[in-house]
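Read off the chains here:
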Amino acid sequence: MSGHSKWNNIKNKKEKTDAQKGKIFTKIGKEIAIAVREGGPDPNSNSKLREMIAKAKANNVPNDNIDRAIKKASGAGAVEYEEIVYEGYGPSGVAVIVETATDSRNRTASDMRHFFDKYGGNLGQSGCVSFMFEDKGVIIVLRDEKIDEDALMETALEAGAADFSSDEESFEILTEVEDLYAVRDALVEQGYEIESAEKDKIPNTYVTLESEDDIKNMTLLLEHLEDSDDVSEVYHNWEE
């Protein structure tokens, strides 16, 4: 996300090459494994697994892949992944939060330090930047001539949405994290097609990079973080 444009972030994911799509499938498979380990293989009783399945579908992960990931995580000898969150600063003080799922804490920590150091940033302590972000649910509905914006907004707000905005391509509905799926389900019941419904971290303030070196280094930092198999999500407050 950048300048908080969730739909642009989703589009970027969907436009990845086949090789990069494979990485996305691998990352989401790890998150599914963690969800199954923590709450069991039934999404009806495991809200985290239900969330990961929704995320997988939003990233075009085939249903067969999702089913295999759940079965694999439920079986004996399944790899145990650990969720670790890293916080730090990119060039010129851009705040960065990196969520990881790893089977090797040492390897991941080493990689994170390397990426931040190499591209003009520094890895900080837990909590050093998280206070700059607010956890929200974000629902994306693509703009369609059949959709009445006022009716969509009314349905969303009545279901518990906290905010509503739109641009030329999409409608973006913000919720409290705990209301995300209730609002999504209410929209689906009214016949709206949901492009994405995910938890997000929205910056309270943004940083604009002025120098070409800072922009280049920040771009490379994000690319390397997002390319890492251990990284699940990257959040930042760079206003691109």
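Just above, that's the structure.
Reading the values: rules and limits
Residues numbered from 1 in each chain as written. Predicted model: local features only at pLDDT ≥ 70, side-chain atom pairs only at ≥ 80, totals over all residues. Heavy atoms only, no water. Helix = DSSP H or I, 4+ residues; strand = E, 2+ residues; numbered from the N terminus. Rg over C-alpha atoms; globule rule 2.2 N^0.38 Å. Buried < 20%, exposed > 50% of the residue type's maximum accessible area, 1.4 Å probe, protein only. Contact = heavy atoms within 4.5 Å. Lys, Arg positive; Asp, Glu negative; His and termini not counted. Charge placed at Lys NZ, Arg CZ, Asp CG, Glu CD. Expected span 1.5 Å × (residues − 1). Polar contact = N/O pair within 3.5 Å; in protein donor to acceptor, adjacent residues only side chain to side chain. Pairing = 2+ DSSP bridges. Axes fitted to C-alpha atoms, helices over the stretch in contact; angles between N-to-C directions. Parallel < 35°, antiparallel > 145°, perpendicular 65-115°, else oblique. Left-handed = near helix turned anticlockwise from the far one by under 90°. Nonpolar A, V, L, I, M, F, W, Y, C, P; charged D, E, K, R; others polar. Salt bridge = Lys/Arg side-chain N within 4 Å of Asp/Glu carboxyl O.

Chemist: What is the right way to read the overall build of the protein chain from this model?
Modeler: Across its full length, the protein chain carries eight helices and eight strands. Compactness check: the protein chain gives a C-alpha radius of gyration of 18 Å against a globular reference of 18 Å for 240 residues, within 12% of the reference. Expressed along its principal axes, the backbone C-alpha trace of the protein chain runs to roughly 50 × 50 × 35 Å. Here the protein chain holds 240 residues, and the buried ones make up 45% of them. Considering only contacts in the protein chain between residues 6 or more positions apart, those separated by 24 or more positions represent 70%. Across the protein chain, the mean location of the 28 positive side-chain charges is 8 Å away from that of the 51 negative side-chain charges.

Chemist: Is there a simple way to explain helix H3 (residues 47–58) in this structure?
Modeler: Residues lying three or four places apart along an α-helix face the same way, a consequence of the helix completing one turn every 3.6 residues. The terminal C-alpha atoms of H3 lie 16 Å apart, and with twelve residues this matches the ideal 16 Å at 1.5 Å per residue to within 8%. When H3 is considered as a whole, its buried residues turn out to be Leu-49, Glu-51, Met-52, Ile-53, Ala-54, Lys-55, Ala-56 and Ala-58. Its side-chain oxygen placed 3.2 Å from the backbone nitrogen of Lys-48, Asn-46 serves as the N-cap of H3.

Chemist: Even after reading the chapter, I still don't get the side chain of Ser-232, so can you show me in this structure?
Modeler: Topologically, Ser-232 is positioned in strand E8 (residues 231–236). For Ser-232, a relative accessible area of 15% corresponds to the buried category. Every residue in contact with Ser-232, bar those within four places of it in the chain, is listed here: Glu-31, Lys-55, Glu-99, Thr-100 and Ala-101.

Chemist: Can you walk me through the sheet that holds E8 in this structure?
Modeler: Pairing between sheet strands relies on hydrogen bonds along the backbone, with the strands arranged either parallel or antiparallel. Pairing within the open sheet is antiparallel, and its four strands lie in the order E3-E1-E2-E8. In this open sheet, the two strands that pair with only one neighbour each are strand E3 (122–123) and E8. Note: strand E1 (residues 82–89) against E3, two bridges, orientation antiparallel. Paired with Gly-88 across the strands is Leu-123, a residue of E3. In the packing of helix H8 (residues 212–227) onto the sheet, contacts are made with strand E2 (95–102) and E8, and the angle to E8 comes to roughly 155 degrees.

Chemist: Can you walk me through the packing of helix H5 (residues 105–118) against H8 in this structure?
Modeler: In a packed pair of helices, the relevant descriptors are the angle between the two axes and the axis-to-axis distance. Where H5 contacts H8, the two axes come as close as 9 Å, and the packing angle between them is 165 degrees. Relative to H8, the element H5 is oriented roughly antiparallel. With respect to the hand of their crossing, H5 and H8 are arranged in right-handed fashion. Within the contact between the two elements, H5 uses Met-112, Phe-115 and Phe-116 and H8 uses Leu-221, His-224 and Leu-225. Here the contact of H5 with H8 is built from residues that sort into five nonpolar, one polar and no charged.

Chemist: What is the right way to look at the pattern of salt bridges in this model?
Modeler: It is possible for side chains of opposite charge to pair when their charged atoms get near one another. In total, this model carries 14 salt bridges according to the counting rule given. Of the charged contacts, one joins Lys-30 and Asp-230 as a salt bridge, the two residues approaching to 3.1 Å between their closest N and O atoms. Of this pair, Lys-30 sits in helix H2 (residues 18–39) while Asp-230 sits in the loop between H8 and E8; the two residues are 200 residues apart in sequence, bridging distant segments of the chain. The residues Lys-30 and Asp-230 share a single accessibility class, namely buried. Of the charged contacts in the structure, one is a salt bridge between Lys-199 and Glu-51, with a shortest N-O distance of 3.2 Å. Taken as a pair, Lys-199 in strand E7 (residues 196–203) and Glu-51 in helix H3 lie far apart in primary sequence, 148 residues in all.

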